[in-house]
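Descriptive analysis of the structure
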Amino acid sequence: MTDNSYFKNNTHHKPQNFQGRFAYRLVKFMRFFADAFFAKRYGHRAVVLETVAAVPGMVGGMMLHLKSLRRMEDDHGWIHTLLAEAENERMHLMTFVKIAKPTKLERFLVLMVQVIFYVMYLILYMVSAKTAHRVVGYLEEEAVHSYTEYLQRIDDGEVENIAAPKIAKDYWGLPEDATLRDVVVVIRADEMTHREVNHCIADKLENKACDIHLAEEMSPDAQDELRVCESREAP
Ligand SMILES: [Fe+2]
Ligand SMILES: [Fe+2]
């Protein structure tokens, strides 16, 4: 089944300036390596990439926390939003590690990538927080794209639609008979939310009104949270 409706909510934020184009190209460059390494091993891809995805929220949250202490100024709620993003991404990892067991090579790769990505992201955040959030916005666009492909493979029967792990049913409140497909649908909705939050922060740091793209897959709570982000002051 190749139904274009799979991609209807894969909303792209067009780069508007130099930082945007830089962030977009950087993410496309990184995607090239991920595609070459993982090819169609979606479960393994998810395990390794979620170990990376859970880093920026924690770094951003920490940086805003320190900024709030330094300037003795309110954070307008952004610290919690970013720390919640990091926790949510870590739950994606805890879920996928039950679905695909990482190989020794992948565990080694995770170690190397964590050192490099953590340091590079921290430096980028210190140099240009707006570019850092833009990079994450585009990383999340790619995550939505990859999980959309994963859904297609499940529907095509190329990937077995196994039972959802218990940890995922508990975390997302899925029914007892939930499957891998149900898990990928809710995780993809989370990625859409992170995409909007990070593009919104980048917009605000560029002194622009933030352009939120709501999607029907997002839960009502996630949509409310995005509306709150839209109305907040810049971090
Ligand atoms: Fe994720
Ligand atoms: Fe993500």
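One can find the structure itself at the top, above this paragraph.
A short tour of the structure in this document, coming up.

Calculation rules
Residues numbered from 1 in each chain as written. Chains lettered and ligands numbered in written order. Predicted model: local features only at pLDDT ≥ 70, side-chain atom pairs only at ≥ 80, totals over all residues. Helix = DSSP H or I, 4+ residues; strand = E, 2+ residues; numbered from the N terminus. Expected span 1.5 Å × (residues − 1). Buried ≥ 20, exposed ≤ 12 C-beta atoms within 10 Å, placed from the backbone. Contact = placed C-beta atoms within 7 Å. Axes fitted to C-alpha atoms, helices over the stretch in contact; angles between N-to-C directions. Parallel < 35°, antiparallel > 145°, perpendicular 65-115°, else oblique. Core = buried A, V, L, I, M, F, W, Y, C linked by C-beta atoms within 7 Å.

With that out of the way, let us pick up helix H3 (residues 78-99). For H3, which comprises 22 residues, the first-to-last C-alpha distance of 32 Å matches the rise-based estimate of 32 Å (1.5 Å per residue) to within 8%. Regarding H3, the residues found buried are Trp78, Ile79, Thr81, Leu82, Glu85, Ala86, Glu89, His92, Thr95 and Phe96. Structurally, H3 contributes buried residues whose contacts are with helix H2 (42-71), helix H6 (166-172), helix H7 (180-205) and helix H8 (220-231).

Relative orientation and spacing of two packed helices are given, respectively, by the angle between their axes and the distance between those axes. Direction vectors running N to C along H7 and H8 enclose 5°, while the axes themselves pass 10 Å from each other. With respect to their mutual orientation, H7 and H8 come out roughly parallel. Here Ala189, Thr193, Glu196, Val197 and Cys200 of H7 come into contact with H8, specifically with Ala222, Leu226, Cys229 and Glu230.

Our focus in this paragraph is the nonpolar core. One finds Val135, Tyr147, Val183 and Val184 to be the most contacted residues of the largest nonpolar core, which totals 36 residues. Those elements giving two or more residues to this core turn out to be H2, H3, helix H5 (129-156) and H7. Among the elements that take part in this core, H2 stands out by supplying 10 residues, more than any other. Here Val135 is in contact with Ala23, Leu26 and Val27, once residues within four sequence places are set aside. Judged by nonpolar contacts, the second largest core, of 7 residues, contains Val197, Ile201, Ala202 and Cys229.

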